[in-house]
Amino acid sequence: MTHSNATHHPVISATGLFTPEHSISNAELVESFNAFVERHNTAHADAIAAGEMDALQPSSVEFIEKASGIKARHVMAKDPVLDPETMAPRWNARGNDELSMMAEIGVLACRQALERAGRDAADVDAVLCAASNMERPYPAMAIEIQQALGIDGFAFDMNVACSSATFGIQTAADYIRAGNAKSVLVVSPEITSGHLNWRDRDSHFIFGDVATAVLVEDASIAPAGHWDILGTKLKTVFSNNIRNNFGFLNRATPDDTDTADKLFVQEGRKVFKEVVPMVAEMIVAEAERLDIDPQGLRRLWLHQANAGMNRLIAQRVLGHEASEDESPTVLDTYGNTSSAGSIIAFHLNSDDLESGDSGLICSFGAGYSAGTVFVRKMG
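A brief structural summary. Within each chain, residues carry numbers counting from 1 in the order of the written sequence. The predicted nature of this model means local features are confined to residues of pLDDT at least 70 and side-chain atom pairs, given and counted, to a pLDDT of 80 or more, with totals for whole chains, interfaces and linings taken over all residues. Only hydrogens and water are set aside when side-chain values are computed; all heavy atoms of the structure are taken into account.

1. Topic: the sheet that holds strand E1 (residues 10–18)
(1) Moving on: Paired strands are those between which DSSP finds at least two bridges. Working definition: helices are DSSP H or I runs of at least four residues, strands are E runs of at least two. Numbering for both runs from the N terminus. Taken in spatial order, the 9 strands of this open sheet run E5-E4-E6-E7-E1-E8-E13-E12-E11, and their pairing is mixed. Bordering the open sheet on either side are strand E5 (154–158) and strand E11 (299–302), each of which pairs with just one other strand. On average, adjacent strands in this sheet sit at an angle of 25° to one another, irrespective of strand direction.
(2) Moving on: Two strands pair when backbone bridges link them, and strand E8 (residues 227–236) and strand E13 (residues 369–377) are joined in this way by 9 bridges, in the antiparallel orientation. When the sheet's bridge partners are listed, Asp228 is paired in E13 with Arg376.
(3) Moving on: Along the sheet, helix H8 (residues 268–289) makes contact with E8, strand E12 (358–365) and E13, crossing E13 at roughly 40°. Lines fitted to the C-alpha atoms define the axes, with helices restricted to the stretch that makes contact. Angles between their N-to-C directions range from 0 to 180 degrees. Working rule for contacts: check all heavy atoms of both residues, and any pair within 4.5 Å makes them a contact.

Following this line, the structure appears as structure tokens:
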């Protein structure tokens, strides 16, 4: 499609956020996990005593908060996650004629973004569903969301794990730059409770559920107070240090369909050591290319995976240890929400910036993948 009055300059017009009503505190999570550990060790006491099996170790609130900075996380289903016999989300299956769960929460986030921009869904040209795990291979979640919103255009799913949202923003911005769209919704419904191994001490506390939406539009139709996209940059480097082997080809090897690697697994220390310098160098280099002083950035909305990673990255970019105002945290109450994390931080901590202030939305994660979106608040 073509638009005669388009500027071909992309901006962020608005964002939307859906937060599940249920929240799990670290104390609740630890109580559940330790009950599971006690049951497991009791059931396998003879094997453990004989040295044939290692005893599972309990978790603690102190361990979780020191390792991650996370204090709570929202989930779509709380009771089954905390049940030591289940420790996974559970809900009733939906029929093919019903709106799927990912589409439902994605639609809610999109509607909020549209409302905040004063935009009608009929004005949107495309929907990109950018998330770590899709509820099904096809039809695309994006097309279901498109239909539910009443958008006449095109839609597709994309997955670059924790960087999906920023990759989606650049993709949407490129459609604007090329004149192929004037208004694009990038929606990230992240039901990460489904891919988390709630029985793994090293990761059972990491993830939470949420949905975000970003409305990327041509500057010619943007509302007042929008965000100018100064530049975007994407980077990928292959690594096995964060991996999930679940997929439709698992049925070809039925002997290992229920192994731990069909859920989220990571080598946390390696990820920390390798990703921090990669992302910090990428940010500084891209700021230099855009003629932006990184130390002059008013705010960093970083990926919310680990408080220590964000602290080090922000320090390398700003040249000093960042304050909460300079690099806000939502990790403590939302947990790691994969691709949605940096968007939540932006959504909740951007209204106070003044016209002319610049900032950075940045994500990083499995792949490895990293995405930067430099923005400036407009009047």
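2. A few points about the packing of helix H5 (residues 101–117) against helix H6 (residues 141–149)
(1) Moving on: Two elements in contact, H5 and H6, have axes whose closest approach is 9 Å; the angle formed by their N-to-C orientations is 55°. Classified by the angle between their axes, H5 and H6 sit oblique to one another. Our pair here, H5 against H6, has a crossing hand that is right-handed. The residues of H6 that touch H5, namely those facing Met102, Ala103, Gly106, Val107, Cys110 and Arg111, are Met141, Glu144, Ile145, Ala148 and Leu149.
(2) Moving on: Throughout, the ten residues Ala, Val, Leu, Ile, Met, Phe, Trp, Tyr, Cys and Pro are labelled nonpolar, Asp, Glu, Lys and Arg are labelled charged, and all others, Gly among them, are labelled polar. For the contact of H5 with H6, the class distribution of residues is 8 nonpolar, 1 polar and 2 charged. Note on terminology: angles under 35 degrees are roughly parallel, angles over 145 are roughly antiparallel, angles of 65 to 115 are roughly perpendicular, and the others are oblique. If you view the pair so one helix is near and one far, a crossing is left-handed when the near helix is turned anticlockwise from the far one by less than a right angle, and right-handed when it is turned clockwise.

3. A short note on the packing of aromatic side chains
(1) Moving on: Note on ring pairs: Phe, Tyr and Trp rings are taken, using the six-membered ring of Trp, and paired if centres are within 6.5 Å. Classes follow the plane angle, with under 30 degrees stacked, over 60 edge-to-face and the rest tilted. All chains considered together, the criterion is met by 7 aromatic pairs.
(2) Moving on: On the basis of an interplanar angle of 55° and a centroid distance of 6.1 Å, the ring pair of Phe33 and Phe36 is categorised as tilted. Separated by 3 residues within a single helix, Phe33 and Phe36 lie in helix H1 (residues 26–43), roughly one turn from each other. Grouping residues by exposure puts Phe33 and Phe36 together as buried.
(3) Moving on: Between Trp301 and Phe346, the ring centres sit 4.8 Å apart and the planes meet at 90°, which makes this aromatic pair edge-to-face. Separated by 45 residues along the polypeptide, Trp301 in strand E11 and Phe346 in helix H11 (residues 341–348) bring together distant segments of the chain. Of the two residues examined, Trp301 and Phe346, each falls in the buried class. Burial here depends on accessible area, computed with a 1.4 Å probe over protein chains only, as a share of the maximum for the residue type. Under 20% is buried, over 50% is exposed, and the range in between is partly exposed.

4. Some details on the pairing of strand E6 (residues 183–191)
Along a regular strand, successive side chains alternate from one face of the sheet to the other.
(1) Moving on: Burial runs high along E6: 9 of the 9 residues are buried.
(2) Moving on: With 4 bridges joining them, strand E4 (residues 126–130) and E6 adopt parallel strand pairing. In the strand pairing of E6, Cys129 is matched with Val187.
(3) Moving on: Both E6 and strand E7 (residues 209–218) contribute to a ladder of 9 bridges, which runs antiparallel. Bridging across to E7, Ser188 finds its partner in Thr212.

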